[in-house]
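Coordinate analysis (summary)
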Amino acid sequence: MISDRDIAFYREHGYTVVPDVLDASTLETLRREMDTVLDGASKVAAHTDVYDLEPGHRPDAPRVRRIKTPHRFLPSVEKLYRDPRLVGIVQRLLGPDVRLHGSKINLKAPHYGSPVEWHQDWAFYPHTNDDILAVGVMLDDCAMENGPLMVVPNSHTGPVWNHHSGGHFCGAVDPTAIEGEIGRAVALLGAAGSITIHHVRLLHGSAQNVSDRPRALLLYEYAAADAWPLLGVKDLADFDARLVSGEPSVEPRVRPAPVRMPLPPAIHQGSIYENQSDTSRRYFAVASEPAAGART
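Keep in mind it's a predicted model, so treat the numbers as computed, not measured.

1. Re the side chain of Ser 194
In this structure, Ser 194 sits in the loop between strand S10 (186–187) and strand S11 (195–199). From its side chain, Ser 194 meets the backbone nitrogen of Asp 20 in a polar contact 3.2 Å long. Polar contacts involving the side chain of Ser 194 include one to the main-chain carbonyl oxygen of Ala 191, which spans 3.0 Å. Not counting chain neighbours up to four residues away, the residues in contact with Ser 194 comprise Val 18, Pro 19, Asp 20, Val 21, Gly 136, Val 137 and Met 138.

This is the structure:
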């Protein structure tokens, strides 16, 4: 499902889009399970281990911007990250031995849907090598109006930008430092069932959803099995359990790459949205109030 030309494009530019990877039945199952989880947001008033909430969330008017680590509790999401349709593509880019680093579902509700400021994933979780990527599964059609992923081509071979503000990690790059890069950004568009792939060092972000259509993006972060996190492994059994292919090993592969450690840690923990609340400058506009009654 990915050609040699796609691979060459990814190597050069740091991203690619693969259309029509998932069938309608798989998408329906993913959406149904996701909606069941979202129904539970009416029972919470603050961020939890499952929900990252939009500003203005109330139990009687729930608004969710992220479902955290859905592979741990949604059967369809757990099944999909090991699905040959995804794994076969990832192996062609990372090699035969692959580990899941993490997962999330980022949600942008119609007429609001929080933006994500410009950043590089590598700033959050540097490893012993940078054979790491993110796969974005489009659960909804992604168009310019509903906040698609925006990426800066070729930025995966450049510097690791400063993601600090006020002496602490904030998970966002000052947009005045990357004006030229932002000017080259492209949107990753496609129909539901398509996937995006971007390198861990690629500069990217996404705007607010200004349309009347939702935008849900299921993200899997995959790493070569011999890439070990520089911040350490807290649970080796869980680390090994996330192997998608290959055998457990305690021999990391070390390959030089620019690194800025995410330390001191962000003042506001929990998610990138919370981290970025402390950035001194923003690029993407934010609506003053979420639209009432919008599907999150």
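Text resumes after the structure shown.
2. A look at the environment of Ala 225
Tracing the backbone shows Ala 225 in the loop between strand S13 (215–224) and helix H6 (236–241). Beyond its immediate chain neighbours, meaning those up to four positions away, Ala 225 contacts Asp 97, Val 98, Arg 99 and Leu 243.

3. Points about the layout of surface pockets
In this structure, the largest pocket encloses a volume near 1600 Å³. Lining the largest pocket are 48 residues, with Thr 69, His 101, Phe 124, Tyr 125 and Glu 221 positioned closest to its centre. Elements with a contribution of two residues or more to the lining of the largest pocket: strand S3 (64–68), strand S4 (98–108), strand S5 (116–119), strand S12 (204–206), S13, H6 and helix H7 (272–276). The leading source of residues in the lining of the largest pocket is S4, at six residues. Of the residues in the lining of the largest pocket, the class split is 18 nonpolar, 17 polar and 13 charged. Roughly 150 Å³ of volume is contained in the second largest pocket.

4. Re the nonpolar core
In this structure, Val 137, Tyr 220 and Tyr 222 are the most contacted members of the largest nonpolar core, which totals 43 residues. Take this core: its biggest share by element is six residues, from helix H4 (residues 84–94). Here Tyr 220 is in contact with Val 77, Leu 80, Tyr 81, Leu 86, Leu 100, Gly 102, Ser 103, Leu 133, Ala 134, Val 135 and Val 137, once residues within four sequence places are set aside. In this structure, Val 173, Ile 182, Ala 185 and Phe 284 belong to the second largest nonpolar core, which totals ten residues.

5. Details of the environment of Leu 189
Positionally, Leu 189 belongs in the loop between S10 and S11. Residue Leu 189 is classed as partly exposed on the basis of its relative accessible area, which comes to 38%. Between the alpha carbons of Leu 189 and Asp 174 there is a distance of 25 Å; along the sequence they are 15 residues apart. Setting aside residues up to four positions removed in sequence, Leu 189 forms contacts with Val 17, Met 138, Cys 142, Ala 143, Met 144 and Pro 148.

6. Remarks on the sheet that holds S12
Taking strand neighbours across the sheet as the criterion, the four strands line up as S5-S12-S7-S10 in an open arrangement whose pairing is antiparallel. Edge positions in the sheet fall to S5 and S10, since each has one partner strand and no second. Here S5 runs beside S12; their pairing, made up of two bridges, is antiparallel. Counted as the bridge partner of His 119 is His 204 from S12.

7. Overview of the pattern of salt bridges
With the rule as written, the count across this model stands at 20 salt bridges. In this structure, the salt-bridge partner of Glu 117 is Arg 282, at a minimum N-O distance of 3.9 Å. Highlighted residues: Glu 117 in strand S5 and Arg 282 in the segment after H7, separated in sequence by 165 residues. Among the salt bridges present, the one from Asp 131 reaches Arg 255, with a minimum N-O distance of 3.0 Å. Of the two residues, Asp 131 sits in the loop between S5 and strand S6 (132–138) while Arg 255 sits in the loop between strand S14 (243–245) and H7, which places them 124 residues apart along the sequence. Judged by relative accessible area, which is 17%, Asp 131 ranks as buried. One network of salt bridges, with partners in common, ties together Asp 130, Asp 131, Arg 201, Asp 226, Arg 253 and Arg 255.

Conventions and cut-offs
Residues numbered from 1 in each chain as written. Predicted model: local features only at pLDDT ≥ 70, side-chain atom pairs only at ≥ 80, totals over all residues. Heavy atoms only, no water. Helix = DSSP H or I, 4+ residues; strand = E, 2+ residues; numbered from the N terminus. Polar contact = N/O pair within 3.5 Å; in protein donor to acceptor, adjacent residues only side chain to side chain. Contact = heavy atoms within 4.5 Å. 1 Å grid on protein atoms, 1.4 Å probe; cavity = no way out; pocket = protein on both sides within 12 Å on 5 of 7 lines; lining within 4 Å. Points joined across faces, edges and corners; volume = space filled by probe spheres on them. Nonpolar A, V, L, I, M, F, W, Y, C, P; charged D, E, K, R; others polar. Core = buried A, V, L, I, M, F, W, Y, C linked by side-chain atoms within 4.5 Å. Buried < 20%, exposed > 50% of the residue type's maximum accessible area, 1.4 Å probe, protein only. Pairing = 2+ DSSP bridges. Salt bridge = Lys/Arg side-chain N within 4 Å of Asp/Glu carboxyl O.

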